[in-house]
Amino acid sequence: MNCAKAQDMFSAYLENVMEPSQRVAFEQHLATCPSCKASYEKFNAALMMLEEMPQVEPPADFHASVMARVERERRVEPSKVRWWNLDWQHVFTIRVPARAVAMGFAVLLLMVMAVQFTPIGHSINAVVFPGRTVGNPVGDDDSSDAPKAGVLNSGCDLAKSGLCINVSNDSSGKAYTLRLSSKDGNPVDYSVYTRTGTSAKNGVANGFVSRGQQASVTIDVAHDRQTVVTELKWHYRGRSYDRLAFLPPTFDADASAKKIDMSFNKTTVYQALDQVSRSYGIVILASGNLNRTIKFGGVDDGNATDAIYAVADKANMTWQALAASVYEMEPTD
Amino acid sequence: MLCPKRSERLSAFAITDKQACSWGAFSPLSQACRTGRGTRLLFNTSRVKSDTDKAITRAEEQVLIQRCKDGDICAFDELVIRFQKRVYNFAYGIAGNYDDANDVAQEAFVRVFNSIGTFRGDANFTTWIYRIVTNVYLDERKKAKSHRQISLDEYVDLDENSVSRQIEDDNPLPAEVAESKERNQIVRNAINALPDYQRIIMTLYHLHDRSYEEIADILHLPIGTVKSRLNRARQALKEKLETESELFG
């Protein structure tokens, strides 16, 4: 092996990608040629120095500068297209994504078939009012719309928020299970927090829900005498969603028969719902700003529905019963 | 723009296999995965992430990218946080000075934002970002060349035999400057004096741990070309540093 050939092999030797016979020849050459040996050592040392170069830190305002530039770009409105400045050539050479169109038709066909072949009364989701569906308990053949005790279903507006929430309590009444599902192709990320009384928010679980999967989060209320307020946050199509579930320490499936006196005065909506949930043993799912203060209100010898009505009336919220002892409240648009 | 705080965001991006995992259960797993260290070159001791780690990161990135495509500015905000150090370091590695690195890295992120809709989900996002930074840098060089704005560390020509136009700095470095700092500056100058493509390949391979396949993908070059240019660049670096007698004591 001559010196020029040996020099060409420095990289291969360094990366250890040489044939064994070549390697022996190379090492033999280095052993007998002090100049090549010195040259290889310098080659090696130079690369070592290169790899030891420290990393640099971006300037402190780098992130802010990037985001400011991106914000500016977003605000620049695209120029209006009018018929006289339209790119007509482009209009006639528009390319249609054939595969996407075919997929679209296939999906449409499947949806039509699904509707055709689904027997009425056995569908998993029953429409409660336009735009909102409620999950029926699985295996329940009674398709009447009457709320049922024990299984607590929540609102589920897939088209709007991307996530379905189903709440149930176990037979002992010591724990609730939130079941989250999504029909969207993209995983929906969620976080679950709980809070009792005035205690700080406590992270319970987080993760992703994908189509066809279900995430269950169990909230144990056995040790609490207070309502455990569970906050569920998730993201869907660039928006953040937030829902609170007031889970009472003792669930009473028959709360509509319970008549009690209850009053609130200058409390927040949150505190009022907490109180109603605990007093009647009902689950309340609520969204919107619950930090607003509401004026005097309450019920005398009223049942759970009366109490919910009293809070909703003062807080300017709409409400509905999702099942026995399960209510949903949301701000009036 | 109101994006959640960093700490909240991090927890929200932990991913689970099938069901909800309990809070914080992830860190021990990640820690366990991160103990492995590996070497690629004889002396390269850069940290090698485990496959699980990589898969998690990849899955999180996929979600972030999809959310960016859906117009979620907060998801882009998170991507900038995740990639800014790497992008800035790569921009610095190839541009050779802080000012140009800042311009190139910022412009690269703007380009990522504007063209994320065209990013194919099956491609490697990191490779895609490196390609964008490289293109931004080469575009800026072309622009600078056409405007005849020749800065102090501009090169006369872009071909492989180009010569640095650097003006010699005769001022001796202050005595208190650490030896390693001085050495790093010498190496940096030597790297800056390499032709563009050699410098880019050297930076990707030695400072960003990219494989031959990835570099070929980033630069749209055949693997053989990448290998031969890297070999030439290494020889050139050695020759440039050889003249600095104090380096090799």
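Residues numbered from 1 in each chain as written. Chains lettered and ligands numbered in written order. Predicted model: local features only at pLDDT ≥ 70, side-chain atom pairs only at ≥ 80, totals over all residues. Heavy atoms only, no water.

### Some thoughts on helix α9 (residues 269–280) of chain A
Residues and elements named next belong to chain A.
At step 1: End to end, α9 covers 16 Å across twelve residues, agreeing with the expected 16 Å (1.5 Å per residue, within 8%).
At step 2: Within the sequence span of α9, burial applies to Val269, Tyr270, Ala272, Leu273, Asp274, Val276, Ser277 and Tyr280.
At step 3: Two residues or fewer past α9, glycine 281 is found with a positive phi of approximately 75°. (Helix = DSSP H or I, 4+ residues; strand = E, 2+ residues; numbered from the N terminus. Expected span 1.5 Å × (residues − 1). Buried < 20%, exposed > 50% of the residue type's maximum accessible area, 1.4 Å probe, protein only.)

### Here's the deal with the pairing of strand β13 (residues 283–286) of chain A
Residues and elements named next belong to chain A.
At step 1: By the alternation rule, side chains of β13 split into Val283 and Leu285 and Ile284 and Ala286, which are all buried.
At step 2: In this sheet, strand β17 (residues 326–331) lies alongside β13 in parallel orientation, the contact comprising four bridges. Residue pairing for β17: valine 283 is matched across the bridge by valine 326. (Pairing = 2+ DSSP bridges.)

### Details of the packing of helix α4 (residues 73–95) of chain B against helix α5 (residues 98–115) of chain B
All names here are of chain B.
At step 1: For the pair α4 and α5, interaxial distance at closest approach is 8 Å and the crossing angle is 145°. Note on packing geometry: the crossing formed by α4 with α5 is right-handed. Residues Ile73, Phe76, Val80, Phe83, Gln84, Val87, Tyr88, Ala91, Tyr92 and Ala95 of α4 touch α5, and the partners they reach there are Tyr98, Asp100, Ala101, Asn102, Val104, Ala105, Phe109, Val112 and Phe113. (Axes fitted to C-alpha atoms, helices over the stretch in contact; angles between N-to-C directions. Left-handed = near helix turned anticlockwise from the far one by under 90°. Contact = heavy atoms within 4.5 Å.)

### Some thoughts on helix α5 (residues 62–75) of chain A
At step 1: Taking 1.5 Å of rise per residue, 14 residues should cover 20 Å, and α5 of chain A covers 20 Å from first to last C-alpha, within 8% of that figure.
At step 2: Here α5 of chain A has its buried residues at Phe62, His63, Ser65, Val66, Met67, Val70 and Glu71 of chain A.
At step 3: Those residues of α5 of chain A hidden inside the fold are in contact with α4 and α5 of chain B.

### Some thoughts on the environment of lysine 85 of chain B
At step 1: Summarising the element assignment, lysine 85 of chain B is placed in helix α4.
At step 2: A relative accessible area of 32% places lysine 85 of chain B in the partly exposed class.
At step 3: Between the C-alpha atom of lysine 85 of chain B and that of alanine 105 of chain B, which follows or precedes it by 20 residues, the distance is 9.7 Å.
At step 4: Discounting residues that sit within four places of it in the chain, lysine 85 of chain B has contacts with Gln55, Val56, Glu57 and Pro58 of chain A.

### A closer look at the pattern of salt bridges
At step 1: Under the definition given, this model contains 23 salt bridges over all chains.
At step 2: Between glutamate 52 of chain A and arginine 183 of chain B there is a salt bridge, with the nearest N and O atoms lying 2.9 Å from each other. Taken together, the residues span two chains, with glutamate 52 of chain A in the loop between α4 (34–51) and α5 and arginine 183 of chain B in helix α7 (residues 179–192).
At step 3: What you see here is one network of salt bridges that share partners, running through Arg195, Glu231, Lys233 and Asp242 of chain A. (Salt bridge = Lys/Arg side-chain N within 4 Å of Asp/Glu carboxyl O.)

### Details of the confidence of the model for chain A
At step 1: The predicted model of chain A averages 77 in pLDDT, with 78% of residues at 70 or higher.
At step 2: Segment residues 119–153 of chain A: pLDDT under 50, and 67 contacts once partners within four positions in sequence are set aside and those in other chains are kept. (pLDDT = per-residue confidence, 0-100.)

### Quick notes on the packing of aromatic side chains
At step 1: If you walk through the whole model with that rule in mind, you get 20 aromatic pairs over all chains.
At step 2: With a centroid separation of 4.9 Å and an interplanar angle of 70°, the aromatic rings of phenylalanine 76 of chain B and phenylalanine 113 of chain B are classed as edge-to-face. A residue pair is termed long-range when its members are at least 10 positions apart, and phenylalanine 76 of chain B in helix α4 and phenylalanine 113 of chain B in helix α5 qualify at 37 residues.
At step 3: Through successive ring pairs, a cluster of aromatic residues spans Phe10, Tyr13, Phe26, Tyr40 and Phe43 of chain A.
At step 4: A cation over a ring is seen here: arginine 234 of chain B above tyrosine 205 of chain B, with NZ or CZ 5.1 Å from the ring centre. (Phe/Tyr/Trp six-rings, centres within 6.5 Å; stacked < 30°, edge-to-face > 60°. Lys NZ or Arg CZ within 6 Å of the ring centre and 35° of its normal.)

### Points about the packing of α5 of chain A against α5 of chain B
At step 1: At their nearest, the axes of α5 of chain A and α5 of chain B sit 10 Å apart, and the two run at 45° to each other. It follows that α5 of chain A is oblique to α5 of chain B by the angle criterion. Of the two elements, α5 of chain A crosses α5 of chain B, and the hand of that crossing is right-handed. Counted together, Phe62, Ser65, Val66, Arg69, Val70, Glu73 and Arg74 of chain A of α5 of chain A and Asn102, Ala105, Gln106, Glu107, Phe109, Val110, Phe113 and Asn114 of chain B of α5 of chain B form the full contact between these two elements. (Parallel < 35°, antiparallel > 145°, perpendicular 65-115°, else oblique.)

### Thoughts on the interface of chain B and chain A
At step 1: Facing 63 residues of chain B, the contacting portion of chain A comprises 57 residues.
At step 2: Regarding the contact of chain B and chain A, the summed buried area is about 5,600 Å², with carbon and sulfur atoms giving 61% of it.
At step 3: Remark: the boundary between chain B and chain A carries six salt bridges.
At step 4: Ionic pairing is found between arginine 234 of chain B and glutamate 15 of chain A, a salt bridge with its closest N-O pair at 2.9 Å. (Buried area = accessible area lost by both parts, 1.4 Å probe.)

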